[in-house]
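What follows is the residue order along each chain.
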Amino acid sequence: MSDGDDRKDGSAAEDDEPYPSLGLARGTVELVAHASRWREAYEREVERLRPRLCAADENGVRFEHVGSTAVPGLAAKPILDLLVLVSDLDDAGDVARALEAAGYEERPDDDVPDRRFFVRGPPERRTHYLSVTEAGSDCHREQVTFRDVLRADGDLAAEYERHKRRLAEAHPDGRSRYTNAKASFVESVLDDAASWEGDDSLV
């Protein structure tokens, strides 16, 4: 007997969440241990979105898995962060419409100037955050740099986790306060990364 998740043709419903453990109540902060299935969830979402978005953008799109769920071993809020990289953000209307058709909702009040921000999942339990930005933009560069530095430096990743846990304990029902309080740590990592890139003695 079907449990309701399968269609008559045997395929899963396109908008069904394959990993029910994803998602967090709106406005709350909870960190959970890193799970390898987050990478699988990212890959499955890219597989689902790629044909839609590539059809909507004649130049093609690229994807990146970012945020703490993209750093092996790092505790994180169980919400996937994805980047969709386009060649021209001003010409991304078809991509935005394709995302909306795929179950994403745009949040136009976002305060990051060089991206369009989308969420997936019911309002009470978002499962995916997705940023559409231009390849090479500040949004692209900063998110990928921060991810890659943490992947390469286990001690720094552990320090970041301790910092996040302290903030999560202080702001369990204040997502915005938690996010804002992390900003100085993120900026310091990005500043250090920029100084390393600009130091000819390291070449």
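This text goes with the structure placed above it.
Calculation criteria
- Residues numbered from 1 in each chain as written.
- Predicted model: local features only at pLDDT ≥ 70, side-chain atom pairs only at ≥ 80, totals over all residues.
- Heavy atoms only, no water.
- Phe/Tyr/Trp six-rings, centres within 6.5 Å; stacked < 30°, edge-to-face > 60°.
- Helix = DSSP H or I, 4+ residues; strand = E, 2+ residues; numbered from the N terminus.
- Buried < 20%, exposed > 50% of the residue type's maximum accessible area, 1.4 Å probe, protein only.
- Pairing = 2+ DSSP bridges.
- Axes fitted to C-alpha atoms, helices over the stretch in contact; angles between N-to-C directions.
- Contact = heavy atoms within 4.5 Å.
- Parallel < 35°, antiparallel > 145°, perpendicular 65-115°, else oblique.
- Salt bridge = Lys/Arg side-chain N within 4 Å of Asp/Glu carboxyl O.
- Arc of directions from axis to C-beta.
- Core = buried A, V, L, I, M, F, W, Y, C linked by side-chain atoms within 4.5 Å.

> Explain the packing of aromatic side chains here, please?
For any pair of aromatic rings, the description rests on two quantities: the centre-to-centre distance and the angle between the ring planes. Evaluated as defined, the whole model comprises three aromatic pairs. The interplanar angle of 90° and the centroid separation of 5.2 Å between the aromatic rings of Phe-146 and Tyr-160 together place this pair among those described as edge-to-face. On the criterion of sequence distance, the pair formed by Phe-146 in helix H3 (residues 138–152) and Tyr-160 in helix H4 (residues 154–170) is long-range, its members being 14 residues apart. We classify Phe-146 as buried; its relative accessible area is 12%.

> Please explain the sheet that holds strand S3 (residues 104–106) as it appears in this structure.
Through backbone hydrogen bonds, the strands of a sheet pair up, either in parallel or in antiparallel fashion. In space, the five strands of this open sheet follow the order S1-S2-S5-S4-S3, with mixed pairing throughout. Bordering the open sheet on either side are strand S1 (62–66) and S3, each of which pairs with just one other strand. The mean angle between the axes of side-by-side strands here comes to 30°, regardless of whether they run parallel or antiparallel. Strand direction decides the pairing type here: S3 and strand S4 (residues 115–120), joined by three bridges, are antiparallel. Across the sheet, Glu-105 pairs through a bridge with Val-119, a residue of S4. Across the sheet, helix H1 (residues 37–56) lies against S1, strand S2 (80–86), S3, S4 and strand S5 (128–134), angled at about 160° from S1, the strand it touches most.

> What exactly am I supposed to notice about the packing of H3 against H4 here?
Each packed pair of helices is defined by two parameters, the angle between the axes and the distance between the axes. Put simply, H3 and H4 touch, their axes get as near as 5 Å, and they point 110° apart. Here H3 is positioned roughly perpendicular relative to H4, judged by the angle of their axes. Residues Phe-146, Val-149, Leu-150 and Ala-152 of H3 pack against Gly-154, Leu-156, Ala-157 and Tyr-160 of H4.

> Even after reading the chapter, I still don't get the pattern of salt bridges, so can you show me in this structure?
A pair can form between side chains of opposite charge whenever their charged atoms are brought close. Within the structure shown, the criterion is met by 12 salt bridges. For Glu-64, the salt bridge is made with Arg-147, and the minimal N-O distance between the two is 2.8 Å. Residue Glu-64 is found in strand S1, and its partner Arg-147 is found in helix H3; the two are separated by 83 residues along the sequence. Like Glu-64, the residue Arg-147 is buried in the burial classification. Across the pair Glu-106 and Arg-116 runs a salt bridge, and its minimum N-O distance is 2.9 Å. Of this pair, Glu-106 sits in strand S3 while Arg-116 sits in strand S4, placing them 10 residues apart in sequence. Taken together, the salt bridges that share partners define one network made up of Glu-45, Arg-48 and Arg-120.

> Explain helix H2 (residues 93–101) here, please?
For an α-helix, the turn length of 3.6 residues means that residues three or four places apart are oriented alike. Three or more residues of H2 are buried, namely Val-95, Ala-96, Ala-98 and Leu-99. The buried residues of H2 occupy an angular sector of 160° when projected down its axis, which confines them to one face. Set apart from the buried face of H2 by more than 90 degrees, the exposed residues are Arg-97 and Ala-101.

> Is there a simple way to explain the nonpolar core in this structure?
Buried together is how nonpolar side chains tend to be arranged in soluble globular proteins. Core analysis: the largest hydrophobic core is formed by 27 residues, its most contacted members being Leu-53, Val-95, Leu-99, Leu-130 and Val-132. Element by element, the count of residues in this core is highest for H1, at seven residues. Residues contacting Leu-130, with those up to four places away along its chain left out, are Leu-49, Leu-82, Val-84, Leu-99, Tyr-104, Arg-116, Phe-117 and Phe-118. Counting 12 residues, the second largest nonpolar core, distinct from the first, contains Val-71, Val-149, Leu-156 and Phe-185.

> Looking at this structure, how should I read the environment of Glu-43?
Its location among the elements puts Glu-43 in helix H1. Under the relative-accessibility criterion, Glu-43 is labelled partly exposed at 41%. Each C-alpha atom, one on Glu-43 and one on Phe-63, is 9.7 Å from the other, the two residues being 20 residues apart in sequence.

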